[in-house]
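Structural features, examined
The primary structure of each chain is shown beneath.
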Amino acid sequence: GTGYWYKRHEMFNATDYFVNQSGLQKTIYRFTTLGFAVGGPVYIPGVFTKKNKLFFFNSYENGQSKFPAQFQEYTMPTALERQGNFSQSALLPKDPSTGAPFPGNVIPATRINSSTQALMNVFPLPNISTSLTGGAYNYVFQPDYNIPKWSEVAKVDAQISSNDSLYVRINAFKSDTQAWYTGAVTNPAWPWFIQHYIFPDGSVAMHETHIFSPTI
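As a starting point, this report considers the structure included with it. Since the structure is predicted, the reported quantities are computational estimates derived from the model, not experimental observations. (Residues numbered from 1 in each chain as written. Predicted model: local features only at pLDDT ≥ 70, side-chain atom pairs only at ≥ 80, totals over all residues. Heavy atoms only, no water.)

1. Some thoughts on the pattern of salt bridges
- For the structure shown, the criterion picks out 3 salt bridges.
- Salt-bridge contacts for E10 lead to R30; the nearest nitrogen and oxygen are separated by 2.8 Å. Placement of the pair is E10 in the loop between β1 (2-8) and α1 (17-22) and R30 in strand β2 (residues 30-41), with a sequence separation of 20 residues.
- Here D157 ties to K155 by a salt bridge, and the two come within 2.7 Å at their closest N and O atoms. (Salt bridge = Lys/Arg side-chain N within 4 Å of Asp/Glu carboxyl O. Helix = DSSP H or I, 4+ residues; strand = E, 2+ residues; numbered from the N terminus.)

Set out below in structure tokens:
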């Protein structure tokens, strides 16, 4: 039998240049693999004592990985814009009833739909100044991928006779890609929810070998 454990962690890494530049925390970077394999003859004292007839094997591996996805850069509504105040924004909202800009670039509170205003709070507030991004965006984040996975193999070999051998093998595997914000399959344009992409796989195999004669 054998066992093993393998580990990587962001504590051993230098902070990424762009993470420092954006003022973000060091990103998670973790890979851990734990596993074992064991095998040998099936031997039961007083019941099954022939050590060359039946053999077993079992292996298991569990891998946990967390690592950053690519940087996401977006423009989010500012605290003033959520109140209808665009006096400090490059945007120029117009009165839909007249087609003219609102006085002072501020939408009157009576003209704001409270339900829609509440929905705007789903969006995160800006976390980087547009003066640093050339006005291209005001929000940056780096989502993480979390991918736990495991695999297992179980196998039994039997030497039935000098002319017949048999084995049965079972394989199982499962991977779950979990991703904040960007998701594992789709790519919503703001931090919203975790998505899962679950991939299971399994198989069963049976193999028998028979020797009919020394020449067949």
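2. Considerations on the side chain of S59
- Residue position: S59 is located in strand β3 (residues 54-68).
- Taking relative accessible area as the criterion, S59 reaches 17% and is therefore assigned buried.
- Those residues in contact with S59 that sit more than four places away from it in its chain are F36, A37, S151, E152 and V153. (Buried < 20%, exposed > 50% of the residue type's maximum accessible area, 1.4 Å probe, protein only. Contact = heavy atoms within 4.5 Å.)

3. Quick look at the packing of aromatic side chains
- Summed over all chains, the structure comprises 8 aromatic pairs.
- Ring plane angle 25° and centroid distance 6.5 Å describe the contact between Y60 and W150, whose orientation is recorded as stacked. Of this pair, Y60 sits in strand β3 while W150 is found in strand β6 (residues 144-159), placing the two residues 90 residues apart along the sequence.
- For Y60, a relative accessible area of 25% translates into the label partly exposed.
- Three or more aromatic residues link up through ring pairs in this structure, and these residues are Y29, F31, F67 and Y145.
- If you follow K155 out to its NZ or CZ, it ends over the ring of Y167, 4.4 Å from the centre. (Phe/Tyr/Trp six-rings, centres within 6.5 Å; stacked < 30°, edge-to-face > 60°. Lys NZ or Arg CZ within 6 Å of the ring centre and 35° of its normal.)

4. Things to note about unusual backbone geometry
- The backbone of N105 sits at a positive phi, close to 60°, despite the residue not being glycine.
- Note that N105 resides in the loop between β4 (72-74) and α2 (114-120).

5. As for the pairing of β2
- The pairing of β1 with β2 spans 7 bridges and is antiparallel. Bridge pairing in β2 places G3 opposite F36.
- Across 12 bridges, β2 lies against β3 in antiparallel orientation. Bridge pairing links G40 to F56 in β3. (Pairing = 2+ DSSP bridges.)

6. Topic: the environment of K7
- Positionally, K7 belongs in strand β1.
- Taking the C-alpha atoms as reference, K7 lies 4.5 Å from T32; in sequence the two are 25 residues apart.
- Those residues in contact with K7 that sit more than four places away from it in its chain are F31 and T32.

7. What about the environment of F123?
- Checked against the element boundaries, F123 lands in the loop between α2 and α3 (130-133).
- Given the relative accessible area of 27%, F123 is considered partly exposed.
- Residues F123 and P77, 46 residues apart in the sequence, show an inter-C-alpha distance of 7.6 Å.

8. Remarks on the environment of T49
- Examined against the element boundaries, T49 turns out to sit in the loop between β2 and β3.
- What makes T49 partly exposed here is its relative accessible area of 47%.
- For T49, the contacting residues outside a window of four places in its chain are Y43 and I44.

9. Concerning a nonpolar patch on the surface
- Together, F36, V38, F56 and V156 make up an exposed nonpolar region whose accessible area comes to about 290 Å².
- Structurally, F56 is set in strand β3.
- Assessed through its relative accessible area of 35%, F56 is described here as partly exposed. (Patch = residues over 30% accessible without salt bridge, like charges linked within 9 Å, V, L, I, M, F, W, Y side chains within 5 Å. Areas by Shrake-Rupley, 256 points an atom, 1.4 Å probe, with all protein chains shown as cover.)

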